[in-house]
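A closer look at the structure
Each chain, written out:
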Amino acid sequence: MTPDAIRETYLAFFESHGHTRHPSDGLVPENDPTLLFTGAGMNQFKAEFLGKGRLPFTRATTSQKCLRMPDLENVGRTSSHHTFFEMLGNFSFGDYFKEEAIRWAWELLTERYGVPADRLSVTVYKDDDEAEALWREIAKLPGERIFRCDEDENFWPASAPSKGPNGICGPCSEIYFDFHPDRGAIPAAGPGEDGARFVEIWNLVFTQFERKDGGVLDPLPNRNIDTGMGFERAVRVLESLERGEVLPSNFETRLFAPLMEAIHGHVGRAPEFGTPEGERTRRIADHVRAATFCIADGVEPSNEKQGYVVRKVLRRAMLDRHLLGGDLRTPWLTELSGVVVDAMGEAWPELVEARNLIASVVTAEEERFAGAFLSGSQRLAVLAKQTRQAGRDRLPGKDAFLLYDTFGLPLDMQKQLLVSEELGVDEDGYREAMAEQRRRSRESSRISDSIFDEGPLAAVSGKLPPTEFVRDGLVLEGANVLAVVDDEESAPPEQGGEAGGGEAAERKVVVVLDRTPFYAEGGGQVGDRGVLEGDGYRIEVDDVVSLRGISLHRGAVLEGEPKQGPCTARVDADARAATARNHTATHLLHAALHAVLGDDVTQAGSLVAPDRLRFDFRFARALTEEEVAEVEDLVNRWILDNQAVSGEEMSRDAARELGAMALFGEKYGDVVRVVRVGNPRGKESIELCGGTHVLRSGDIGMLRITTETSIAAGIRRIEARTGTGVLELLREDAERLRRSAALFKASPDTLEERIATTQGELKTVRKELEELRAEMVQAKLAGAVTDRDGLSVMATSVSGVPVKALREIAGDAVKSRCDLAVLAVTEPDGTSFLVASGKAAQAAGLGARDLVQRLCEALDGKGGGNAAFAQGRGKAHDDVEALLDEVLEAARGAAS
């Protein structure tokens, strides 16, 4: 049973028992700021457990993405610990209780999954007579396989009766699988005492009490069920049973096989579980998987909160790669993230949608860390030497913080590197230095505000009034220059307030005016560009930003010496008009998305520039082609209606009463500006917005959506063009079509027909090639059947044949032409092999599984199967056919 089949069997089983299959919550809980990450399946159902939920069902089943960091140091060392994992769960909100939970758990494990009943044992809370009686009645478990444990082991939350907290709680019952029943009786303290022999695969929590002060447990009027089966653990158990051998850890299962094979291929060896190198390879697999899922859910590496966790696991994986001999200068983890996407993308489609984002984020983090690690490790070696020379056995905290703050080496990474130096770290001193840095950071202004706190603006910043934005008109005569400073160097101005010397054409300056027609970047709209002209000087403005209410006009001096005094401010009319078209179109796009997709759509960001618009919104899935067309059509109908666009200032409360939508990431004062676009066909667009817009919707001309993509889990992005931008787009498409037609020696009008003809010809050629190849293979196989001690054996190698096709050939051969087929497909990067064994060959001791295992050992590969059929893959070999003969002879000798 494949991992995907195991997951589906669980969910389908509980669906058949009246449960609603509910999607996984994100790794970052949407409505629970108390949690950094989702750590259990029940997190998204807290309201239901408290009796405050609004879901239209009382039974649910999920496969929940989870991430936990407390067991970080155990990852790779133990057989079952991970940071990221899946939790299969079934839940009841005041519906069924213990009897059904226990009955269904036992039925699923023993009947659907086929786990032998005598390999299972359970624990119950010491006072839970009801649970023990149900296990005896339903599962017929004898007393020696039921163990009563204290509140620290079998109560949720742990130790709640004596230590709290107050709130809903209850006993739990854990189900364990025995990997080594041959070792005799279960320890008297229960299966949890021997982690090498037993693994907990399922925990059934019975929330039936409300704890109150003094440890009083009052029965709840509505009792709940919350269960969690560790998916990775379940896969290991079922695959061990299928293979007839104990897999040493979760990392040896099919779930991790593609990832582990990629890692082993990179490091050039396959370290065993339980070795230091084996720990590192398995930790790399876990950490890359965790980071991949986090990035797909919108969490990118940073130094804060969830982002810090992603950065931490990625850098730990990079360190492990370095310690395994890898070159950090070449990104590699990004390749592994692609393996994760390929292996798990069918079950988790958000990985596929975010593939490019994941690759770019991981690559950037690898590149960022590589240089820092090289210089940081060199600096650490110097500091370690100084520490030993000073007679200390711990690196000082201030030095440890320097390595983190300047070189990006996290504390736990420093500790690993210092092991070879036989030094520890003054962790208390490190934390003190960190706290001091955070205190200084809180007291300082933002870096972008430093222009007011140092340099030439510092002396006058307190006297600069907020800049008045003159919305009406693109040319303002008589604007007053209050200050001019060099942009790049912040050099002090000459006497009289003039900008410093240098070549005018190369000088970049920042200019502050008392009034301006230039729109400063905000609300997703870029700043205006244009020209400032004064007494003998001219400045080309390429950007305007607002800080502390003051507009900073940034640009290049084209001629003369800018100075304080009157000037003329002239906005680029074409750029402003194009930006206004795109901004109003963004509002209409937002309204159209609500109309087509519903009010679940919420804005998550935007960009409004002269040449394009971009709109990010939260939505759970990709839009269909029909939905994209409907949104586009709706916007264009509103454009053709040519309705008036108005802007009006009012109080926030008045805007709220109008139903105005606020934009993502924006902060608003008590008085806001409301932009309205009329709509005779339905609800008008009303948004809080300080940007620039057209006078009527018809001024937009037309809107064309160019892309609709995913940028993170649950976040979609639409990019579009308007006005003359649509005309440019049509011309680009026409030129692309002309070039494509020329490649096929066709005209644009006949291109489609020419492509269809070419595809038909190509299909025919491919079919002929496949038939020819099949004839050649069949001819070779017909001559490969030989008699070996009374058995007809087909043993040979071929190339250029898909393994799937060879599997059919082998099966047919055993049915009609031979007793045993041992076939291999040789490829430049490896060898695939499969064995089909008939009854006569099996009786002679030549089972398929045994032969494949021998081939795996010879080719350093992996494989599996049963006595009748098995297959595997290993390294390339110079003489595969000779190897097949050797393996057959060795197997024959062992059987005789």
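We now examine the overall build of the protein chain. The secondary structure content of the protein chain amounts to 25 helices and 32 strands. Sequence-distant contacts in the protein chain: of pairs separated by 6 or more residues, those separated by 24 or more amount to 66%. For the protein chain, the accessible surface area stands at approximately 42400 Å², while carbon and sulfur atoms represent 48% of it. Taking the average location of the 108 positive side-chain charges in the protein chain and that of its 148 negative ones, the two points are 1 Å from each other.

In a packed pair of helices, the relevant descriptors are the angle between the two axes and the axis-to-axis distance. At a minimum axis distance of 8 Å, the contact between helix H10 (residues 333–344) and helix H12 (residues 355–389) shows a crossing angle of 155°. Accordingly, the angle class assigned to the pair H10 and H12 is roughly antiparallel. Where H10 crosses over H12, the handedness of that crossing is right-handed. Seen from H10, the contacting residues are Leu 333, Thr 334, Ser 337, Gly 338, Val 341 and Asp 342; seen from H12, they are Arg 355, Ile 358, Ala 359, Val 362, Thr 363 and Glu 366. Residues of the contact of H10 with H12, tallied by class, amount to five nonpolar, four polar and three charged.

Quick look at the sheet that holds strand E24 (residues 685–688) now. Reading across the sheet, the three strands line up as E22-E23-E24 and stay open at both edges, with antiparallel pairing between neighbours. Here the strands that pair on one side only, and so sit at the sheet edges, are strand E22 (645–651) and E24. Geometrically, the sheet is characterised by an average inter-axis angle of 25° between neighbouring strands, direction not taken into account. Across seven bridges, E22 lies against strand E23 (residues 671–677) in antiparallel orientation. Opposite Met 650, over in E23, you have Val 672 as the bridge partner. Set on the sheet, helix H17 (residues 573–597) makes contact with E22, E23 and E24; between it and E24 the angle comes to about 115°.

To continue, consider helix H8 (residues 276–296). In a regular helix each residue adds 1.5 Å, so 21 residues correspond to 30 Å; H8 covers 31 Å between its end C-alpha atoms and thus fits that length. Where burial is concerned, most of H8 is hidden: 18 out of the 21 residues are buried. Gly 298 sits one or two positions beyond H8 and adopts a positive phi of about 90°.

One pass over the full model with this rule turns up 62 salt bridges. In this structure, the salt-bridge partner of Glu 99 is Arg 103, at a minimum N-O distance of 2.9 Å. With Glu 99 and Arg 103 both in helix H3 (residues 98–112) and four residues apart, this pair spans about one turn of that helix. Judged by its relative accessible area of 35%, Arg 103 is partly exposed. Of the charged contacts, one joins Asp 733 and Arg 736 as a salt bridge, the two residues approaching to 2.8 Å between their closest N and O atoms.

All right, on to the packing of aromatic side chains then. According to the stated counting rule, one finds 20 aromatic pairs in the structure shown. Ring centres 5.5 Å apart and planes at 50° place the aromatic pair Tyr 10 and Trp 202 in the tilted group. Residue Tyr 10 is found in helix H1 (residues 3–15), and its partner Trp 202 is found in strand E8 (residues 198–212); the two are separated by 192 residues along the sequence. Each member of the pair Tyr 10 and Trp 202 is classed as buried.

Moving on: the environment of Gly 114. On the secondary structure map, Gly 114 appears in the loop between H3 and strand E4 (120–125). Assessed through its relative accessible area of 44%, Gly 114 is described here as partly exposed. Spatially, the C-alpha atom of Gly 114 lies 32 Å from that of Leu 27, the residues being 87 residues apart in sequence.

Next up on the list: the packing of H17 against helix H18 (residues 625–641). Closest axis-to-axis distance for the H17/H18 pair is 9 Å, and the angle between their directions is 130°. Compared by their axis directions, H17 and H18 come out oblique. Relative to H18, H17 is oriented so that their crossing is right-handed. On H18, the residues touching Leu 588, Leu 589, Ala 591, Ala 592, Leu 593, Ala 595, Val 596 and Leu 597 of H17 are Glu 627, Glu 630, Val 631, Leu 634, Val 635, Trp 638 and Ile 639. When grouped by side-chain class, the residues that make up the contact of H17 with H18 number 13 nonpolar, no polar and two charged.

Turning to the side chain of His 583, a few remarks are in order. Turning to its location among the elements, His 583 is positioned in helix H17. Ignoring sequence-local partners within four residues, the contact set of His 583 consists of Gly 523, Gln 525, Val 608, Cys 689, Gly 691, Thr 692 and His 693.

We now examine helix H6 (residues 231–243). Helical periodicity: at 3.6 residues per turn, an α-helix aligns residues three or four positions apart in one direction. The end-to-end C-alpha distance of H6, which contains 13 residues, comes to 18 Å, matching closely the 18 Å that a straight helix rising 1.5 Å per residue would cover. Every buried residue of H6 is listed here: Phe 231, Glu 232, Ala 234, Val 235, Arg 236, Val 237, Leu 238, Glu 239 and Ser 240. On its buried side, H6 packs onto H1, strand E3 (84–93), strand E7 (167–178), E8, strand E9 (216–230) and H8. Remark: Gly 244 follows H6 within two positions and exhibits a positive phi of approximately 75°.

On to the side chain of His 17, then. For His 17, the position within the fold is in the loop between H1 and strand E1 (20–21). There is a polar contact of 3.2 Å between the side chain of His 17 and the side chain of Trp 104. Residues in contact with His 17, not counting those within four places in the same chain, are Arg 59, Trp 104 and Glu 107.

This brings us to the nonpolar core. Membership of the largest hydrophobic core comes to 110 residues, with the highest contact counts inside it found for Trp 135, Ile 175, Trp 202 and Leu 333. Among the elements that line this core, the one with the most residues is H12, at 10 residues. Excluding residues within four positions of it along the chain, Trp 202 makes contact with Tyr 10, Phe 14, Asn 90, Ala 105, Leu 108, Leu 109, Ser 173, Glu 174, Ile 175, Thr 227, Gly 228 and Met 229. Residues Ala 580, Leu 613, Leu 634 and Trp 638 belong to the second largest nonpolar core, which totals 31 residues.

With that settled, the discussion passes to the environment of Ala 483. With respect to the helices, strands and loops of the structure, Ala 483 is situated in strand E13 (residues 475–486). With a relative accessible area of 5%, Ala 483 lands in the buried category. As a C-alpha pair, Ala 483 and Asp 514 span 31 residues in sequence and 9.6 Å in three-dimensional space.

Here we come to the sheet that holds strand E32 (residues 869–874). Working definition: the strands of a sheet are paired by backbone hydrogen bonds and lie parallel or antiparallel to each other. The strand order across the open sheet built from six strands is E27-E28-E29-E30-E32-E31, with neighbouring strands paired in mixed fashion. Looking at which strands have only one partner, the edges of the open sheet turn out to be strand E27 (785–788) and strand E31 (862–865). This sheet shows a mean twist of 15° between the axes of neighbouring strands, independent of strand direction. Pairing analysis gives eight bridges linking strand E29 (residues 820–827) to strand E30 (residues 830–837), with the strands arranged antiparallel. Its bridge partner being in E30, Ala 824 is matched across the sheet by Phe 833.

Taken residue by residue, the protein chain gives an average pLDDT of 87. The fraction at 70 or more is 92%. Mean pLDDT values for the elements of the protein chain range from 50 in helix H16 (residues 450–453) up to 97 in H3. Predicted confidence for residues 441–450 stays below pLDDT 50, and this span has six contacts to residues more than four positions away or in other chains. Scored below 50 in pLDDT, residues 489–505 shows 35 contacts in the model against residues more than four places distant or in partner chains.

Right, let's talk about unusual backbone geometry for a bit. Look at the link from Trp 156 to Pro 157: it is a cis peptide, with omega at -10°. That bond from Gly 164 to Pro 165 is cis: its omega, 10°, falls within 30 degrees of zero. In this fold, Pro 165 is placed in the loop between helix H5 (160–163) and E7. A positive phi angle, near 55°, is found at Asn 642, a position not held by glycine. As for its placement among the helices and strands, Asn 642 is situated in the loop between H18 and E22.

Definitions and limits used
Residues numbered from 1 in each chain as written. Predicted model: local features only at pLDDT ≥ 70, side-chain atom pairs only at ≥ 80, totals over all residues. Heavy atoms only, no water. Helix = DSSP H or I, 4+ residues; strand = E, 2+ residues; numbered from the N terminus. Contact = heavy atoms within 4.5 Å. Areas by Shrake-Rupley, 256 points an atom, 1.4 Å probe, with all protein chains shown as cover. Lys, Arg positive; Asp, Glu negative; His and termini not counted. Charge placed at Lys NZ, Arg CZ, Asp CG, Glu CD. Axes fitted to C-alpha atoms, helices over the stretch in contact; angles between N-to-C directions. Parallel < 35°, antiparallel > 145°, perpendicular 65-115°, else oblique. Left-handed = near helix turned anticlockwise from the far one by under 90°. Nonpolar A, V, L, I, M, F, W, Y, C, P; charged D, E, K, R; others polar. Pairing = 2+ DSSP bridges. Expected span 1.5 Å × (residues − 1). Buried < 20%, exposed > 50% of the residue type's maximum accessible area, 1.4 Å probe, protein only. Salt bridge = Lys/Arg side-chain N within 4 Å of Asp/Glu carboxyl O. Phe/Tyr/Trp six-rings, centres within 6.5 Å; stacked < 30°, edge-to-face > 60°. Polar contact = N/O pair within 3.5 Å; in protein donor to acceptor, adjacent residues only side chain to side chain. Core = buried A, V, L, I, M, F, W, Y, C linked by side-chain atoms within 4.5 Å. pLDDT = per-residue confidence, 0-100.

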